[in-house]
Amino acid sequence: MRAVRCGGLVALLLGRVAFAGTALAAPSWDGTWTGGWEKGDGVQIVIAGDRVTGVYRDGDYPEILSSEVSPEGGMLVFWWVGGDALLRRIGDREAGISLRERGRPPRAFTVKRE
C-alpha cells in the first residue's frame, strides 16, 4: 500500500512540474519582425523557431553568422556580416531592438511581429 501511495505522489509531483514548465515557457520568436521604417532605419528579421534565418538591412539580406536565444527565452541575439543585434521581448508581438553596425552609431527602436 505504501508503494502505491509513494508512486501516486511522485506521479502527482511530476504532473505539476510538467504543467508548470509549459505554463512558464516563453512564447516563440518564430515569424517576421519589422520596425524602424518611420525613422529611415528599417529592419526586417525573419526567425524560424528560435533561429534567425534572414535580416533585411539597407536593401540587402546579408549572411547570418549566428543567433542565440537566452535560457528563459526573453532575449535573442544575432550576428550578420557587418553587424549584430539584440532583441528583448516587450510582449508577445513586440520587442525592443538594439543594433550595432560597422561604420554607424548604435541605434535602438521597437519591432513588431507581422
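Described in the following lines is the structure provided in the data block.

Conventions used here
- Residues numbered from 1 in each chain as written.
- Predicted model: local features only at pLDDT ≥ 70, side-chain atom pairs only at ≥ 80, totals over all residues.
- Heavy atoms only, no water.
- Core = buried A, V, L, I, M, F, W, Y, C linked by side-chain atoms within 4.5 Å.
- Buried < 20%, exposed > 50% of the residue type's maximum accessible area, 1.4 Å probe, protein only.
- Helix = DSSP H or I, 4+ residues; strand = E, 2+ residues; numbered from the N terminus.
- Contact = heavy atoms within 4.5 Å.
- Pairing = 2+ DSSP bridges.

1. Notes on the nonpolar core
At step 1: Grouped together as the largest cluster of nonpolar side chains are 18 residues, with contacts concentrated most on I45, I47, F78, L87, I97 and V111.
At step 2: Broken down by secondary-structure element, the contributors of at least two residues to this core are β2 (43-48), β3 (51-56), β5 (75-80), β6 (83-91), β7 (94-101) and β8 (107-113).
At step 3: Those residues within four positions of I97 in sequence are excluded, and the remaining contacts are V43, I45, A85, L86, L87, R107, A108, F109 and V111.

2. Re the pairing of strand β1 (residues 31-35)
Two faces, one strand: in a regular strand the side chains alternate between the faces of the sheet.
At step 1: By the bridge criterion, five bridges tie β1 to β2 in an arrangement that is antiparallel. Looking at β2, one finds that T32 is bridged to V46.
At step 2: Across two bridges, β1 lies against β8 in antiparallel orientation. When the bridges of β8 are listed, T34 appears paired with K112.

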